[in-house]
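# Structural description and commentary
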Amino acid sequence: MEKLAIVVLISGRGSNLQAIIDAADPLVDIRAVISNRPHAQGLHIATQAGIPCEIIDHTQFANRDTFDTALQNCIDHYQAQLVVLAGFMRILTPDFIQHYAGRLINIHPSLLPAFKGLHTHRQALQAGVTEHGATVHFVTPELDSGAPILQGRVPVYPDDTEEQLAQRVLDIEHQIYPQVIHWFAEQRLYLQAQTAYLDNKPIN
Ligand code: GRF
């Protein structure tokens, strides 16, 4: 089977990027890592792994459209078949999302549709839930609302701090993201009419 060309977009730490690299999936070729922040720690991880890095600093662009166009040109230069958002902290324009329809995925640190947006672990603790986790989903224009593909669940303990809970969720993120990329590489996963399908069965 041919290798799947992916490009990973980051803004910071890059622990999910590290997990994708560590998975060493024989079906996956990480063509490039792109960061919108020049000092993202994840850039060191990519360099260490010998993966080409690109910096497209959003502060150097007049507006969202021109930034997204530059981003799109860069991704397409690497002929990415799948675009992987891994802690990429920018809202993307509908045109950009449309261009990558069905081949743009994100990981969000909650069991969507619960706790969209930021500070999800704090939100979970404040809500008093006993279960929390992470969701990999196809990206659609509405924030954190795309078709879910895979969720990883962790318990929430009564005395948990935000940091403890975040770490527990992160560990599960590092398992589910490489798994989803592998399914995509095996051509078992696709998006149709806003629903994700695995082995031709809708995921809900
Ligand atoms: C993760 O919690 C991910 O779910 C969220 O941003 C964080 C990125 O962490 N989208 P890292 O940069 O992969 O370490």
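An unreviewed UniProt entry lists the protein chain under the name Phosphoribosylglycinamide formyltransferase, with Beggiatoa leptomitoformis given as the organism. According to the UniProt record, the Catalytic activity (unreviewed entry) comment for the protein chain reads "N(1)-(5-phospho-beta-D-ribosyl)glycinamide + (6R)-10-formyltetrahydrofolate = N(2)-formyl-N(1)-(5-phospho-beta-D-ribosyl)glycinamide + (6S)-5,6,7,8-tetrahydrofolate + H(+)". Listed in UniProt under the heading Function (unreviewed entry), the comment for the protein chain reads: "Catalyzes the transfer of a formyl group from 10-formyltetrahydrofolate to 5-phospho-ribosyl-glycinamide (GAR), producing 5-phospho-ribosyl-N-formylglycinamide (FGAR) and tetrahydrofolate."

### A short note on the sheet that holds strand β4 (residues 82–85)
With respect to topology, 7 strands assemble into an open sheet ordered β3-β2-β1-β4-β5-β6-β7, the strand pairing being mixed. Each edge of the open sheet carries a strand with a single partner, namely β3 (53–55) and β7 (148–155). Direction aside, neighbouring strands of the sheet carry axes that sit 20° apart on average. Strand direction decides the pairing type here: strand β5 (residues 104–108) and strand β6 (residues 131–138), joined by 4 bridges, are antiparallel.

### A word on the environment of Ala23
Within the element layout of this structure, Ala23 appears in helix α1 (residues 15–23). Along the chain, Ala23 and Thr66 lie 43 residues apart, while their C-alpha atoms are 34 Å from each other.

### Considering the pattern of salt bridges
A complete count under the given rule lists 6 salt bridges for this structure. Here Arg122 ties to Glu162 by a salt bridge, and the two come within 3.2 Å at their closest N and O atoms. Within this pair, whereas Arg122 is found in helix α5 (residues 120–127), its partner Glu162 is found in helix α6 (residues 162–185), the two being separated by 40 residues in sequence. Judged by its relative accessible area of 35%, Arg122 is partly exposed. The partly exposed category is assigned to Glu162, whose relative accessible area is 26%. What emerges from the salt-bridge pattern is a single network uniting Glu186, Arg188 and Asp199.

### Comments concerning unusual backbone geometry
Here the amide bond leading from Leu112 into Pro113 is cis, since omega sits at 10°, within 30 degrees of zero. When you line up the elements, Pro113 lands in the loop between β5 and α5. Positive phi is not limited to glycine here, since Phe115 has a value of about 55°. Examined against the element boundaries, Phe115 turns out to sit in the loop between β5 and α5. A positive phi is found at Gln194, a non-glycine position, where the angle reads about 65°. Relative to the helices and strands, Gln194 is located in the loop between β8 (189–192) and β9 (195–198).

### Comments concerning the site of the ligand
With respect to spatial proximity, the complete set of residues near the ligand consists of Arg13, Gly14, Ser15, Asn16, Gly87, Ile107, His108, Pro109 and Glu173. Between Arg13 and the ligand, the recorded distance is 2.6 Å, taken from a side-chain N or O atom to an oxygen atom. Look at the ligand: alone it shows 370 Å² of surface, and the protein chains cover 85% of it. Those elements that place two or more of their residues in the shell around the ligand are α1 and β5. The residue inventory of the shell around the ligand, partitioned by class, reads 2 nonpolar, 5 polar and 2 charged.

What counts as what
- Residues numbered from 1 in each chain as written.
- Predicted model: local features only at pLDDT ≥ 70, side-chain atom pairs only at ≥ 80, totals over all residues.
- Heavy atoms only, no water.
- UniProt positions renumbered as here; feature names shortened; annotations may be inferred.
- Pairing = 2+ DSSP bridges.
- Helix = DSSP H or I, 4+ residues; strand = E, 2+ residues; numbered from the N terminus.
- Axes fitted to C-alpha atoms, helices over the stretch in contact; angles between N-to-C directions.
- Salt bridge = Lys/Arg side-chain N within 4 Å of Asp/Glu carboxyl O.
- Buried < 20%, exposed > 50% of the residue type's maximum accessible area, 1.4 Å probe, protein only.
- Near = heavy atom within 4 Å.
- Polar contact = N/O pair within 3.5 Å; in protein donor to acceptor, adjacent residues only side chain to side chain.
- Areas by Shrake-Rupley, 256 points an atom, 1.4 Å probe, with all protein chains shown as cover.
- Nonpolar A, V, L, I, M, F, W, Y, C, P; charged D, E, K, R; others polar.

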